[in-house]
Amino acid sequence: MQLASKPDSQSFKALVVKETADGKFNATLEDKLFTDLPQGELLIKVLFSGLNYKDALSASGHKGITRRYPHTPGIDAAGIVIESVSPDFSQGDEVVVTGYDLGMNTSGGFAQYIRVPARWAVHRPANLSLKECMIIGTSGFTAASAVYEFIKHGIKPGSGKILVTGASGAVGSMAVAMLAQVGYKVVASSGKQEAIALLKQLGAIEIIGREETDDHSEKPLLPPRWIAALDTVGGNTLSTVIRSTAERGIVANCGMLASNKLDVSVFPFILRAVRLVGIASAETPMSRRLEIWNLISGKLKFSKLDKIHRSIPLSEVPEALERMLKASTTGKILVEI
Ligand SMILES: NC(=O)c1ccc[n+]([C@@H]2O[C@H](COP(=O)([O-])OP(=O)(O)OC[C@H]3O[C@@H](n4cnc5c(N)ncnc54)[C@H](OP(=O)(O)O)[C@@H]3O)[C@@H](O)[C@H]2O)c1
């Protein structure tokens with residue numbers, strides 16, 4: 001049972017990223033004052049957070065993500081409401097906050113406390129613990145947003161194969177598991193030999209190497225291989241994926257691990273009626289956000305969350321974020337605060 005009241009102490013532990021005189025960025029665990037937190041209707045005691053690629057960018061000084069330092073990253077947080085001036089939340093409520101400005105320019109989830117606007121929080125969905133919500137976090141929410149688009153677009157388990165790129169990453173592995181859970185035939189594209197066994201356990205029926213989704217032939221259309229795809233990589237991978245999508249298929253892109261550029265002709269769109277959709281999970285409107293959490297805690301809920309994550313304490317976050325930038329992490333890293 002967690003104490004749902006503010007501690008007597010004026011301070012709490014938080015990871016703080018600072019810019020050094022030589023332009024580098026260092027993250028250390030520090031005591032932060034409650035008065036350092038921004039305004040907001042909810043003060044939340046954070047029990048769990050999780051690592052996302054955006055956190056790695058924020059912690060390494062990416063000014064497109066975080067403009068001002070010192071800063072506490074962490075775009076995801078789950079915990080207990082300690083103080084609320086919102087009619088929608090009471091002291092003791094279990095809540096989940098993902099996206100919006102959390103961890104970007106608002107002090108984030110790599111801390112014992114956050115203060116946020118009430119409109120950023122959702123009540124913990126029934127069927128999921130706070131810990132499960134944070135294993136899923138923005139990564140799983142993003143994966144589920146793509147599944148939501150596929151369903152809306154009329155893609156059924158019998159329609160054809162579904163590709164996931166960057167499949168061993170946090171978004172990718174969660175997408176493989178969720179798609180397999182609802183019966184889709186999943187093709188996982190990965191650059192990691194050592195991830196093959198995990199991807200099979202998560203339900204992929206076929207694993208292909210990264211090079212198969214990185215075609216440099218400049219052909220405007222390639223033989224159709226899948227009816228839908230979630231691409232986390234961008235650049236030439238996204239171009240290859242679009243050119244290899246079957247007639248009336250759909251490609252959802254959420255990431256830019258290889259590049260934020262896209263070079264593709266219009267032929268996949270005007271000859272095959274392929275549809276390209278963007279996933280921007282952080283700004284998902286609340287009504288759709290709740291629909292997607294319902295999907296996650298309902299028909300997309302899969303039993304292999306334990307296989308997909310490992311837990312670390314706050315003190316190990318800096319090193320884990322560095323590994324994330326080198327694309328050497330597999331699955332999801334949960335932070336136990
Ligand atoms: N739009 C949104 O709402 C949203 C939300 C969450 C994340 N994202 C974005 O989605 C992307 C993935 O995030 P994540 O949290 O899953 O990251 P992650 O856990 O670090 O996983 C990324 C995976 O992508 C693959 N990869 C990495 N670099 C690559 C490259 N240069 N070329 C091809 N594949 C590469 C690797 O998997 P393999 O070895 O298996 O290939 C890697 O493990 C990031 O760009 C992130 O910013 C967007």
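The residue numbers shown here count from 1 along each chain, following its written sequence. Per-residue local features of the predicted model are confined to residues with pLDDT of at least 70, and side-chain atom pairs are confined, for both listing and counting, to 80 or more; whole-chain, interface and lining totals are unaffected and use all residues. With hydrogens and water stripped out, all remaining heavy atoms of the structure feed into the side-chain values.

Engineer: Mind showing me how you'd approach the overall build of the protein chain here?
Structural biologist: A run of H or I in DSSP becomes a helix once it reaches four residues, and a run of E becomes a strand once it reaches two; helices and strands are each numbered from the N terminus. Of the regular secondary structure elements, the protein chain holds nine helices and 15 strands. Between the two quantities, the radius of gyration covers C-alpha atoms and the globule rule is 2.2 Å times the number of residues to the power 0.38. Relative to the compact-globule value of 20 Å for 337 residues, the protein chain shows a C-alpha radius of gyration of 20 Å, a close match. Seen along its three principal axes, the alpha-carbon backbone of the protein chain occupies a region of about 65 × 50 × 35 Å. Split into buried and exposed, the 337 residues of the protein chain put 53% on the buried side. Restricting the contact set of the protein chain to residue pairs at least 6 apart, pairs at least 24 apart contribute 70%. Burial classification: accessible surface area is computed with a 1.4 Å probe over protein chains only, and a residue below 20% of its type maximum counts as buried, one above 50% as exposed, and the rest as partly exposed. The contact definition used throughout considers only heavy atoms, calling two residues in contact when any of these lie within 4.5 Å.

Engineer: Sorry if this is basic, but what is going on with helix H3 (residues 170-181) here?
Structural biologist: Given 3.6 residues per helical turn, the α-helix brings residues three or four places apart onto the same face. For H3, which comprises twelve residues, the first-to-last C-alpha distance of 17 Å matches the rise-based estimate of 16 Å (1.5 Å per residue) to within 8%. For H3, the buried fraction is high: ten of the twelve residues fall into the buried class. Directly beyond the C-terminal end of H3, a positive phi value near 95° is found at Gly183. An expected span of 1.5 Å times one less than the residue number is assigned to each helix.

Engineer: Where do I start with helix H5 (residues 235-243) in this structure?
Structural biologist: The buried fraction of H5 amounts to eight of the nine residues, a majority that puts the element mostly inside the structure. For H5, every residue scored as buried is listed here: Gly235, Thr237, Leu238, Ser239, Thr240, Val241, Ile242 and Arg243. Contacts made by the buried residues of H5 are with strand S8 (161-164), strand S11 (226-231), strand S12 (245-253), helix H6 (267-271) and strand S13 (275-278).

Engineer: What is the right way to look at the pairing of strand S5 (residues 94-98) in this model?
Structural biologist: Along any regular strand the residues' side chains alternate between the sheet's two faces. Across the five residues that make up S5, a large majority, four, are buried. Two strands pair when backbone bridges link them, and S5 and strand S7 (residues 121-123) are joined in this way by three bridges, in the antiparallel orientation. Paired with Val97 across the two strands is Ala121, which belongs to S7. For two strands to pair, DSSP has to find at least two bridges joining them.

Engineer: Sorry if this is basic, but what is going on with the side chain of Thr237 here?
Structural biologist: Residue position: Thr237 is located in helix H5. You can call Thr237 buried: its relative accessible area is 9%.

Engineer: I'm lost on the nonpolar core in this one. Help?
Structural biologist: Across soluble globular proteins, you tend to see nonpolar side chains buried next to one another. By convention a nonpolar core is built from buried Ala, Val, Leu, Ile, Met, Phe, Trp, Tyr and Cys residues, the set being connected through side-chain atoms within 4.5 Å. Counting 55 residues, the largest nonpolar core has Phe150, Val176, Met178, Trp293 and Ile296 as its most contacted members. Per element, the largest residue contribution to this core is twelve residues, and it comes from helix H2 (residues 130-152). Beyond its immediate stretch of four places on either side in the chain, Phe150 contacts Ile155, Ile162, Leu179, Ala228, Ala229, Leu230, Ile250 and Ala252. One finds Leu15, Ala59, Tyr69 and Ile312 within the second-largest nonpolar core, a separate group that totals 16 residues.

Engineer: Please explain the pattern of salt bridges as it appears in this structure.
Structural biologist: Two side chains bearing opposite charge may form a pair once their charged atoms approach each other closely. A pairing counts as a salt bridge when a side-chain nitrogen of Lys or Arg comes within 4 Å of a carboxyl oxygen of Asp or Glu. Summed over the entire model, instances satisfying the criterion amount to 13 salt bridges. Glu149 is the partner of Lys152 in a salt bridge, and the nearest nitrogen-oxygen pair spans 3.6 Å. One end of the pair, Lys152, and the other, Glu149, are both in helix H2, three residues apart, so they sit about a helical turn from each other. Residue classification places Lys152 among the partly exposed residues on the basis of a relative accessible area of 47%. Owing to a relative accessible area of 8%, Glu149 belongs among the buried residues under this scheme.

Engineer: I tried to follow the sheet that holds S8 on my own but got confused; where do I start?
Structural biologist: Within a beta sheet, neighbouring strands are joined by backbone hydrogen bonds and run either parallel or antiparallel to one another. As summarised here, the arrangement of the six strands in space is S10-S9-S8-S11-S12-S13, forming an open sheet in which the pairing is parallel. Both edges of this open sheet fall to strand S10 (204-209) and S13, since each of them pairs with a single strand only. When strand polarity is set aside, the average angle formed by the axes of neighbouring strands in this sheet is 20°. With five bridges connecting them, strand S9 (residues 185-190) and S10 associate as parallel partners. In the strand pairing of S10, Ala188 is matched with Ile207. In this analysis, axes come from line fits to C-alpha atoms, helices being fitted only over the stretch in contact, and the angle between any two N-to-C directions falls in the range 0 to 180 degrees.

Engineer: Looking at this structure, how should I read the packing of aromatic side chains?
Structural biologist: Within a pair of aromatic rings, the relevant descriptors are the distance that separates the centres and the angle that separates the planes. Aromatic contacts are taken between Phe, Tyr and Trp rings whose centres are within 6.5 Å, Trp giving its six-membered ring; a plane angle under 30 degrees counts as stacked, one over 60 as edge-to-face, and the others as tilted. Applying the stated criterion across every chain yields a total of six aromatic pairs. Ring centres of Tyr100 and Trp120 lie 5.7 Å apart, and the angle between their planes is 5°; this geometry places the pair in the stacked category. With a gap of 20 residues between them, Tyr100 in the loop between S5 and strand S6 (113-116) and Trp120 in the loop between S6 and S7 connect regions that are remote in the sequence. Accessibility expressed as a relative area gives 9% for Tyr100, which makes it buried. Over a ring means this: the NZ of a Lys or the CZ of an Arg is within 6 Å of the ring centre and within 35 degrees of the ring normal. Directly above the ring of Phe141 sits Arg289, whose terminal nitrogen or CZ lies 5.5 Å from the centroid.

Engineer: What should I look at first to understand the site of the ligand in this one?
Structural biologist: Near residues are defined by distance, with any heavy atom within 4 Å of the molecule or strand qualifying the residue. For the ligand, the set of nearby residues contains 26 residues, the closest of which are Ser168, Ser190, Lys192, Ile279 and Ser281. At a separation of 2.7 Å, an oxygen atom of the ligand approaches a polar side-chain atom of Ser168. Here a polar contact is taken to be a pair of N or O atoms separated by no more than 3.5 Å, where protein atoms must pair a possible hydrogen donor with a possible acceptor and residues adjacent in sequence count only if both atoms sit in side chains. Contact between the ligand and Cys254: a nitrogen atom at 3.0 Å from a main-chain N or O atom of the residue. Accessible surface is estimated by sampling points in the Shrake-Rupley manner with a 1.4 Å probe; for residues, cover comes only from the protein chains shown. Contact with the protein chains removes 88% of the 920 Å² of surface that the ligand exposes when unbound. Amino acid classes used here: Ala, Val, Leu, Ile, Met, Phe, Trp, Tyr, Cys and Pro are nonpolar; Asp, Glu, Lys and Arg are charged; the rest, including Gly, are polar. A per-class count over the shell around the ligand returns 13 nonpolar, eleven polar and two charged.

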